[in-house]
Amino acid sequence: MNLPHLPEAALATRLIHHDYEPPPGFQAPQPAVHKASTVIFPNVAAMRARDWKDKSGYTYGLHGTPTTFLLEERLCALEGGQQCLLVPSGLAAIATVSLALLRAGDEVLLPDNAYGPNRALSASLLAQWGVRHTVYDPMDLADLEAKIGADTRLVWLEAPGSVTLEFPDLVGMLRLCRARGVLAALDNTWGAGLAFDPFALPCGDGGPVAVDVSVHALTKYPSGGGDVLMGSVVTHDADLHLKLKLAHMHLGLGVGANDAEAVLRALPSIGLRYRAHDRGARVLAAWLAQQPAVAQVLHPALPGSPGHAHWQALCGSANGGEGAAAGIFSVVLDARYSQARVDAFCDALRLFKLGYSWGGPMSLVVPYDIRSMRSSVPAYLAAGTVVRFSVGLENVDDLRADLAQALEVLDT
Ligand SMILES: *Cc1c(COP(=O)(O)O)cnc(C)c1O
């Protein structure tokens, strides 16, 4: 912008309205970070004409900047969707979907192994606003079928479920949702767009099936550092996207440019990191399965784990499924160990740190009380205490040695 009066303006004004513009054409491996609440319009007509609902221009920081538009498009590429919304956390992504798509009188169905805070949202705010929630058995298609009723509007899916990591018959569930005319929203944090394609799941005859919405805790693998909270809501239908976008706007959701940049910086290496996490987790899960203290290992790529055949069918075809499982698994420590012994085992770990979340370079561990988390404890789960491991990017032999020394503490 050319301001001819500027040389006479006071310093305070000149520092704000300085008219130097750097030359165009700068290119670098990483995109620029555009930070804005306010976006400047060239004139009133442009201000009035600008539509915030698509990516044709900019209106206000909450509605997008070049940095967030770029991240949205790259996440569409990652997940195979058409439209994307960025929100401040994975949980906010879940909440945006449920709040946008459900109204009083509706029912939402959740798997019994759903991400805990999704269930808590349904039991609190959604219930308060007249939305019922019902829990289904994720490993029993007939149970889901029986529970889809006249008021059911939305079905949440997880593949695999949180903590116990059972892999469901995702294709069967999506076919069922489509046949019954209910929306299917997948929490795709585990698959991350890498283990399977949520918008084109192969299912033989009749062509691929797709989820309606894929939510992703970018906090995990896309960020990859354990230092960013962010979520995405990806769709492949413009009308559904607009519904979600309106709710996103009404709720005032947005993300910071520096956080978007951190995810943009980590995204190119997500495939390499995911594969490395996967490799490490499988080595350690297989080793733990041999240890006498371990009653059961819950890892969908391990034969014998609940839902392994479903994982195998969906993710296991290319390269024997290598790189098609996340770096997270749980074990059931034998029922002969008291909670105090299990706690001592977790405390004894040195490289595995006690902490929630996953997807970063540092290995993490959390003990869980499954009985308090589920409507019913399934018969396929061994008796004992569930401990979940998130395998980071450390040397696998070092991690195995850490587990070995902590198992000795368990037995003392
Ligand atoms: C971590 C996680 C979330 C929530 O992500 P936040 O960014 O921590 O809110 C949602 N779903 C699953 C499956 C997760 O693992």
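Source: prediction; values computed, not measured.

Rules used throughout
Residues numbered from 1 in each chain as written. Predicted model: local features only at pLDDT ≥ 70, side-chain atom pairs only at ≥ 80, totals over all residues. Heavy atoms only, no water. Near = heavy atom within 4 Å. Polar contact = N/O pair within 3.5 Å; in protein donor to acceptor, adjacent residues only side chain to side chain. Areas by Shrake-Rupley, 256 points an atom, 1.4 Å probe, with all protein chains shown as cover. Helix = DSSP H or I, 4+ residues; strand = E, 2+ residues; numbered from the N terminus. Nonpolar A, V, L, I, M, F, W, Y, C, P; charged D, E, K, R; others polar. Buried < 20%, exposed > 50% of the residue type's maximum accessible area, 1.4 Å probe, protein only. Pairing = 2+ DSSP bridges. Contact = heavy atoms within 4.5 Å. Axes fitted to C-alpha atoms, helices over the stretch in contact; angles between N-to-C directions.

A. Broad picture of the site of the ligand. In the region of the ligand, 13 residues are neighbours, and Gly90, Leu91, Asp187, Thr219 and Lys220 sit closest. Gly90 has a polar backbone atom sitting 2.7 Å from an oxygen atom of the ligand. Within the backbone of Leu91, one N or O atom sits 2.9 Å away from an oxygen atom of the ligand. Across the complex, the protein chains shield 88% of the 380 Å² of accessible surface that the ligand would expose by itself. At three residues, helix 4 (residues 90–101) tops the list of elements feeding residues into the shell around the ligand. Residue composition of the shell around the ligand, by class: six nonpolar, five polar and two charged.

B. Expanded view of unusual backbone geometry. Following Ala159, the chain continues to Pro160 via a peptide bond in cis, the omega torsion being 0°. Along the chain, the position of Pro160 falls in the loop between strand 4 (152–158) and helix 7 (170–180). Here the phi dihedral of Val163 falls at roughly 70°; this positive angle occurs in a residue that is not glycine. Mapping Val163 onto the fold places it in the loop between strand 4 and helix 7. Positive phi, close to 60°, is recorded for Leu165, a residue that is not glycine. Considering the arrangement of structural elements, one finds Leu165 in the loop between strand 4 and helix 7. Exposure remark for Leu165: the relative accessible area of 5% places this residue in the buried category.

C. Examining the sheet that holds strand 12 (residues 384–390) more closely. An order of 8-9-12-11-10 is seen for the five strands of this open sheet, with the pairing classed as mixed. Each edge of the open sheet is held by one strand with a lone partner, namely strand 8 (294–298) and strand 10 (353–354). One ladder, built from two bridges, connects strand 10 with strand 11 (residues 364–368); its direction is parallel. Directly across from Leu354, in strand 11, lies its bridge partner Val365. Against the sheet, helix 10 (residues 270–289) contacts strand 8, strand 9 (328–334) and strand 12, and its axis sits at roughly 10° relative to strand 9.

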